[in-house]
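Structural features, examined
This is what each chain is made of:
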Amino acid sequence: MKRTVLITGATSGIGEACARKFAEGGYRVIATGRRADLLEKLKSSLDAEVLTLCFDVRDREASRRAIEALPDDWKVIDVLINNAGLAQGLEPEYEGDVDDWDRMIDTNIKGLLTMTRLIVPGMISRNRGHVINVGSVAGDAAYQGGNVYCATKAAVKALSDGLRIDVAHSAVRVTNLKPGLVETNFSNVRFHGDTTRADSVYKGVKPLTGNDIADVAYYAASAPEHVQIAEVLILATHQANGSFIVRE
């Protein structure tokens with residue numbers, strides 16, 4: 001029987017790349033996101049069994065309804081990729097936009113917790129499964145203007161570590177991926193659609209792509225069952241950490 005992966009934030013960037021990689025690897029894909037049109041576009045482009053769920057992980061009740069309404073033959077989820085996340089703004093903490101704070105905290109932390117709470121009990125009862133959380137190098141140390149975003153990704157690390165302890169009595173595995181500079185629409189979202197400013201983030205350096213991160217996620221999921229890839233830091237070659245990048 002084919003294994004099933006559920007990916008949050010699957011309509012673009014790392015989430016979309018994971019959907020494509022796991023579909024190519026023979027998985028059935030449950031793709032979730034906030035935009036139905038992009039979900040359907042993704043579904044039509046994949047040569048795999050795909051089920052789409054349109055909801056916002058910030059909405060706990062909508063998330064619950066979507067998961068509980070899964071057809072019986074889709075309820076066994078082997079891999080959960082908690083990818084939905086974002087950064088907004090680069091203002092000093094004392095000048096930050098409180099709405100930006102709420103969106104980052106509600107998506108990056110609470111949304112991840114909601115999906116974990118909905119999916120992992122089934123994994124525990126079946127004594128198999130894998131949770132892959134998409135964290136960030138930003139969770140290792142704060143950088144200028146990163147304040148709240150860095151805090152949310154530090155929380156992803158702590159939640160991943162804590163979950164790994166909680167499920168250690170079972171065969172469920174937990175992986176925290178920590179990408180560095182990845183060229184997706186991430187910076188465009190951070191700068192509220194300012195494309196020029198977003199493009200400057202990647203100027204003078206060859207960044208990672210969503211496909212690079214998807215490759216690592218798939219590797220972690222494909223490791224032998226007794227091997228748990230607990231944490232992976234993935235950086236561009238000319239990036240040393242969250243704040244030091246050598247540009248041409």
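So, here is what we can say about the structure in this document. In this text the structure is predicted, and so the values were computed from the model without any measurement.

Okay, the overall build of the protein next. Scanning the protein from terminus to terminus reveals eight helices and seven strands. For 248 residues, the compact-globule estimate of 2.2 N^0.38 gives 18 Å, and the C-alpha radius of gyration of the protein, at 17 Å, lies within 12% of that figure. Scored against the burial criterion, the 248 residues of the protein give a buried share of 49%. Contacts in the protein between residues at least 24 apart in sequence constitute 68% of all its contacts with a sequence separation of at least 6. For the protein, the centre of its 29 positive side-chain charges and the centre of its 32 negative side-chain charges are spaced 4 Å apart.

Close contact between helix H4 (residues 98-126) and helix H5 (residues 147-166) brings their axes to 8 Å; oriented N to C, the two are set at 15°. Relative to H5, H4 is oriented roughly parallel. In terms of crossing hand, the pair formed by H4 and H5 is right-handed. Across the interface between the two elements, Trp101, Met104, Ile105, Asn108, Ile109, Leu112, Leu113, Thr116 and Val120 of H4 pack against Val148, Tyr149, Thr152, Lys153, Ala155, Val156, Leu159 and Leu163 of H5. The class makeup of the residues in the contact of H4 with H5 is 13 nonpolar, three polar and one charged.

A word on the sheet that holds strand S6 (residues 172-179). The strand order across the open sheet built from seven strands is S3-S2-S1-S4-S5-S6-S7, with neighbouring strands paired in parallel fashion. Two strands close off the open sheet at either side, each with one partner strand: strand S3 (50-54) and strand S7 (231-234). Each strand axis lies, on average, 15° off the axis of its neighbour in the sheet, ignoring direction. Where S6 meets S7, four bridges bridge the pair, whose relative direction is parallel. Paired with Leu177 across the two strands is Val232, which belongs to S7. Its contacts with the sheet place H4 against strand S1 (4-7), strand S4 (79-82), strand S5 (129-134) and S6, and it is angled at close to 170° to S4. Packing of helix H8 (residues 210-222) onto the sheet brings it into contact with S4, S5, S6 and S7, and relative to S6 it is tilted by some 160°.

For the structure on display, the rule yields three aromatic pairs. With a centroid separation of 5.2 Å and an interplanar angle of 75°, the aromatic rings of Phe22 and Tyr218 are classed as edge-to-face. A residue pair is termed long-range when its members are at least 10 positions apart, and Phe22 in helix H1 (residues 13-24) and Tyr218 in helix H8 qualify at 196 residues. Residue class for Phe22 comes out buried when judged on its relative accessible area of 0%. Taking 6.2 Å as the distance between ring centres and 75° as the angle between the ring planes, the aromatic pair formed by Tyr27 and Tyr218 counts as edge-to-face.

Of all six residues that make up S5, six are buried, and the element is covered over most of its length. Burial along S5 is two-sided: the face carrying Gly129, Val131 and Asn133 and the face carrying His130, Ile132 and Val134 are both buried. Direction of pairing for S4 relative to S5: parallel, over a ladder of four bridges. Of the residues in S5, the one forming a bridge with Asn82 is Asn133. Handedness of the crossover is the feature at issue here: the chain leaves S4, passes through H4, returns alongside S5, and the resulting connection is right-handed. The β-α-β motif built from S5, the intervening H5 and the parallel element S6 has right-handed crossover chirality.

The subject of this paragraph is the packing of helix H3 (residues 60-68) against H4. Look at H3 against H4: their axes get within 10 Å of each other, and the N-to-C directions meet at 25°. Here H3 is positioned roughly parallel relative to H4, judged by the angle of their axes. Along this stretch, H3 crosses H4, giving a crossing that reads as right-handed. Taken together, the residues of H4 that come into contact with H3 (itself represented by Arg60, Ser63, Arg64 and Ile67) are Thr114, Met115, Leu118 and Ile119.

Once that is clear, we can look at the nonpolar core. If you look at the biggest cluster of nonpolar residues, it comprises 34 residues, and the most contacted ones within it are Phe22 and Ile81. When residues of this core are traced back to their parent elements, those giving at least two are S1, H1, strand S2 (28-33), helix H2 (36-45), S4, S5, H8 and S7. When near neighbours in sequence (up to four residues on either side) are disregarded, Phe22 contacts Val5, Tyr27, Val79, Ile81, Ala217, Tyr218 and Ala221. Ranked by size, the runner-up nonpolar core spans 22 residues in total, among them Leu6, Phe55, Ala66 and Leu163.

Procedures and definitions
- Residues numbered from 1 in each chain as written.
- Predicted model: local features only at pLDDT ≥ 70, side-chain atom pairs only at ≥ 80, totals over all residues.
- Heavy atoms only, no water.
- Helix = DSSP H or I, 4+ residues; strand = E, 2+ residues; numbered from the N terminus.
- Rg over C-alpha atoms; globule rule 2.2 N^0.38 Å.
- Buried < 20%, exposed > 50% of the residue type's maximum accessible area, 1.4 Å probe, protein only.
- Contact = heavy atoms within 4.5 Å.
- Lys, Arg positive; Asp, Glu negative; His and termini not counted.
- Charge placed at Lys NZ, Arg CZ, Asp CG, Glu CD.
- Axes fitted to C-alpha atoms, helices over the stretch in contact; angles between N-to-C directions.
- Parallel < 35°, antiparallel > 145°, perpendicular 65-115°, else oblique.
- Left-handed = near helix turned anticlockwise from the far one by under 90°.
- Nonpolar A, V, L, I, M, F, W, Y, C, P; charged D, E, K, R; others polar.
- Pairing = 2+ DSSP bridges.
- Phe/Tyr/Trp six-rings, centres within 6.5 Å; stacked < 30°, edge-to-face > 60°.
- Right-handed = clockwise from strand over helix to strand, strands pointing away.
- Core = buried A, V, L, I, M, F, W, Y, C linked by side-chain atoms within 4.5 Å.

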